[in-house]
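# Coordinate inspection notes
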Amino acid sequence: MTENKNFLEKTDEELAVLALGSKDYFLYLMRRYEAKLLAYILRISSFSHDEAEDVLQEVFIKIYKNLNDFDKNLKFSSWAYRITHNQVISHYRKAKARPQSLPLDINDKILANLSSDLDIEKEIEAGYFKKAIKKVLANLDIKYREVLVLKFLEERSYKEISDILKKPMGTIATLINRAKKEFREELDRQKIKI
Amino acid sequence: MEKKSNEISNGASDLVKEVLEKIKEKHIKPKPKWEFILEEYIIWIFAGASFLVGSLAVAVIIHMVRNNDWDLHDRVSGNLVSFIFATLPYFWLLILSAFIALAYYNFKHTKSGYRFSLRLLVISSILASVFLGVFFYSVGFGWTIDRMFSVRLPFYDRLIFHRRLIWDNPERGMMAGRIISDLGEGNFKLRDLDNKIWMMHGQISSTTPWPSAGQEIIKIIGEPMDNFNFQVRELRSWPGCGWPAPVNCPMLFP
């Protein structure tokens, strides 16, 4: 119990080093990231819950195999999200599938973020807005969808998004602007008024 | 250890337990650090080598531009602009572009390469190649490489096509070729770039350094006397610093 408590106090980066010594300690890392990475996979993909869990298993095994490649200049979370992103893309390529729908989990804070950043009026009924966002995001190209998900749903900084997607920060800023534009255009295409 | 493992996995989800089981069953282990270090080193070595070749290309470009027989541009083409376009070292510019692209590609694949934009990487690669290229030129690498390629690679002179364009011009008083035999008193037999044999009539003093017969291509400025005889006024080396080579023309590949 005491040992368990000690591990709770450890940072992700410290746990990653400990996991190199014993695989049991990798369990703590997995427990910390299971829900976050599963949500991320579901947000950027069209996978079913079961399929997303399969991808997540592969992600954890990849993280474990590559623990020695973890760059200490990065946050462990950025590195884990990067591996997850790559695994989702690789899964898409294998399946040659295009996402059709998104089981998004959008809370009020995310709604507020999105509406202020996308210059959308705030006086909209939340339920309607959530549905509209899901529909629009599902139709966006994955390169736009993932930056919007990372920025507004995962609430990652530009630096973190840059580390996750392995693109310069300037490119991330451009991508986010384009993604916002695409988002608004998709709203118009689908005749969604918000 | 088994007991400890069970304690740790208490409260973990099925997915997490399953992953841990898989790791144990399949004896999956983290890849050793040296593999990642080696991979990173190899990428850096390729990036560095590409940058180095790019810099050497810059040295050759500087050498070619500086020794472009600018004084003859009137004879070759009507105006300076068309002369410049006709004599740009396209082959080496292509090599430079290819190796800058390779350096960029390799650098981009290093661990931190993704943080830099395409524009920043390309501009800094060009600037760094130019700086190192100027240094390589100043120690004679430009001349050495151009000459080495010209002597050892038969197709090279076809790639540097402007030299042939300029120096396969006996009617304009410009020719190039190899001396077949030295007849003395500045007279010699020459096989030109089209394999045609010429009798060359010179006024070169016997103290002037003289290229050996058959060794290398030389450039000749003068006037054609008829279809087989040519009056020689000046000899230059190919690729040249002039003939004889001036003191500031480095001879690293004599």
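What you see is a predicted model; the values in this text were computed from it and never measured. (Residues numbered from 1 in each chain as written. Chains lettered and ligands numbered in written order. Predicted model: local features only at pLDDT ≥ 70, side-chain atom pairs only at ≥ 80, totals over all residues. Heavy atoms only, no water.)

### Describing the overall build of chain A
- Counting secondary structure elements, chain A contains 10 helices and zero strands.
- Across the 194 residues that make up chain A, the buried fraction comes to 52%.
- Of the contacts made within chain A by residues no fewer than 6 positions apart, 67% connect residues no fewer than 24 positions apart.
- Of the roughly 9400 Å² of accessible surface on chain A, a fraction of 48% belongs to carbon and sulfur atoms. (Helix = DSSP H or I, 4+ residues; strand = E, 2+ residues; numbered from the N terminus. Buried < 20%, exposed > 50% of the residue type's maximum accessible area, 1.4 Å probe, protein only. Contact = heavy atoms within 4.5 Å. Areas by Shrake-Rupley, 256 points an atom, 1.4 Å probe, with all protein chains shown as cover.)

### Details of the interface of chain B and chain A
- Each partner contributes to the interface: chain B provides 30 residues, whereas chain A provides 33 residues.
- Linking chain B with chain A are two salt bridges.
- A salt bridge links Lys111(B) to Asp69(A), with the shortest nitrogen-to-oxygen separation between them at 3.1 Å.
- One can count nine residue pairs in polar contact (both at pLDDT 80 or more) joining chain B with chain A. (Salt bridge = Lys/Arg side-chain N within 4 Å of Asp/Glu carboxyl O. Polar contact = N/O pair within 3.5 Å; in protein donor to acceptor, adjacent residues only side chain to side chain.)

### Side note on the packing of aromatic side chains
- Tallying each qualifying case throughout the model produces 19 aromatic pairs over all chains.
- Seen from their ring centres, Tyr40(A) and Tyr81(A) are 4.9 Å apart, and the 55° between their planes marks the pair as tilted. Residue Tyr40(A) is found in helix α3 (residues 26-44), and its partner Tyr81(A) is found in helix α5 (residues 76-95); the two are separated by 41 residues along the sequence.
- On the basis of relative accessible area, Tyr40(A) is assigned to the buried category, the value being 0%.
- Taken together, a centroid distance of 5.2 Å and an interplanar angle of 75° make the contact between Trp44(B) and Phe107(B) edge-to-face. (Phe/Tyr/Trp six-rings, centres within 6.5 Å; stacked < 30°, edge-to-face > 60°.)

### Brief notes about the pattern of salt bridges
Residues and elements named next belong to chain A.
- Enumeration over the complete set of coordinates arrives at 11 salt bridges over all chains.
- In this structure, the salt-bridge partner of Glu-160 is Lys-75, at a minimum N-O distance of 2.5 Å. Here Glu-160 is found in helix α9 (residues 158-165), whereas its partner Lys-75 is found in the loop between α4 (49-65) and α5, with 85 residues between them in sequence.
- A residue is classified by how much of its surface remains accessible, and Glu-160, at 10% relative accessible area, is buried.
- Lys-75 gets classed as partly exposed once you look at its relative accessible area, which sits at 45%.
- It is possible to trace a salt-bridge network through shared partners that takes in Lys-75, Arg-156 and Glu-160.

### Things to note about the nonpolar core
Residues and elements named next belong to chain A.
- Phe-26, Phe-60, Ile-63, Leu-67 and Phe-76 are the most contacted members of the largest nonpolar core, which totals 63 residues.
- Ranked by residue count, the leading element in this core is α3, at 12 residues.
- Looking at which domains feed residues into this core, each of domain 1 (2-95) and domain 2 (108-189) gives three or more. (Core = buried A, V, L, I, M, F, W, Y, C linked by side-chain atoms within 4.5 Å. Domains from an automatic or database assignment.)

### Describing the layout of surface pockets
All names here are of chain A.
- Taken as a whole, the largest pocket encloses approximately 880 Å³ of empty space.
- The element that contributes the greatest number of residues to the lining of the largest pocket is α5, accounting for nine residues.
- In terms of residue class, the lining of the largest pocket is built from eight nonpolar, seven polar and 13 charged.
- Put simply, the second largest pocket is a space of about 320 Å³. (1 Å grid on protein atoms, 1.4 Å probe; cavity = no way out; pocket = protein on both sides within 12 Å on 5 of 7 lines; lining within 4 Å. Points joined across faces, edges and corners; volume = space filled by probe spheres on them. Nonpolar A, V, L, I, M, F, W, Y, C, P; charged D, E, K, R; others polar.)

### Section: unusual backbone geometry
- In this structure, Lys166(A) is a non-glycine residue whose phi angle is positive, near 55°.
- Residue placement: Lys166(A) occurs in the loop between α9 and α10 (169-189).
- Judged by its relative accessible area of 37%, Lys166(A) falls in the partly exposed class.
- The residue Asn195(B) is not glycine, and still its phi comes out positive at about 70°.

### What to know about a positive patch on the surface
- A grouping of Lys62(A), Lys65(A), Lys94(A), Lys26(B) and Lys31(B) is seen on the molecular surface, where their side chains present a positively charged patch.
- Tracing the chain through its elements places Lys65(A) in helix α4.
- You can call Lys65(A) partly exposed: its relative accessible area is 36%. (Patch = residues over 30% accessible without salt bridge, like charges linked within 9 Å, V, L, I, M, F, W, Y side chains within 5 Å. Lys, Arg positive; Asp, Glu negative; His and termini not counted. Charge placed at Lys NZ, Arg CZ, Asp CG, Glu CD.)

### Examining the packing of α3(A) against α5(A)
Residue and element names in this part refer to chain A.
- Here α3 crosses α5 at 45°, and the two axes come no closer than 10 Å. Classified by the angle their axes make, α3 and α5 are oblique. When you trace α3 past α5, the crossing you get is right-handed. For the pair formed by α3 and α5, the contact residues are Leu-29, Tyr-33, Lys-36, Leu-37, Tyr-40, Ile-41 and Ile-44 on the first element and Phe-76, Ser-77, Ala-80, Tyr-81, Thr-84, His-85, Val-88 and Tyr-92 on the second.
- Here the residues of the contact of α3 with α5 are counted per class, giving 11 nonpolar, three polar and one charged. (Axes fitted to C-alpha atoms, helices over the stretch in contact; angles between N-to-C directions. Parallel < 35°, antiparallel > 145°, perpendicular 65-115°, else oblique. Left-handed = near helix turned anticlockwise from the far one by under 90°.)

### Description of the environment of Glu182(A)
Residue and element names in this part refer to chain A.
- With respect to the secondary-structure elements, Glu-182 resides in helix α10.
- On a C-alpha basis, the gap between Glu-182 and Val-136 in space is 9.4 Å, while along the polypeptide they are 46 residues apart.
- Not counting chain neighbours up to four residues away, the residues in contact with Glu-182 comprise Leu-140, Tyr-144 and Arg-189.

### So, a negative patch on the surface
- Together, Asp50(A), Asp54(A), Glu58(A), Asp14(B) and Glu18(B) line one region of the surface with negative charge.
- At the level of elements, α4 of chain A together with α2 (14-25) of chain B are the ones that each hand at least two residues to the negative patch.
- The element contributing the most residues to the negative patch is α4(A), with three residues.
- Along the chain, Asp50(A) falls in helix α4.

### Topic: the packing of helix α6 (residues 90-108) of chain B against helix α7 (residues 118-138) of chain B
Residue and element names in this part refer to chain B.
- Following both chains from N to C, one finds α6 and α7 inclined at 125°, their axes separated by 10 Å at the closest point. With respect to their mutual orientation, α6 and α7 come out oblique. Here α6 and α7 pass one another in a crossing that is right-handed. Across the interface between the two elements, Leu-96, Ile-100, Tyr-104, Phe-107 and Lys-108 from α6 touch Leu-118, Leu-121, Ser-125, Ile-126 and Ser-129 from α7.
- A per-class count over the contact of α6 with α7 returns seven nonpolar, two polar and one charged.

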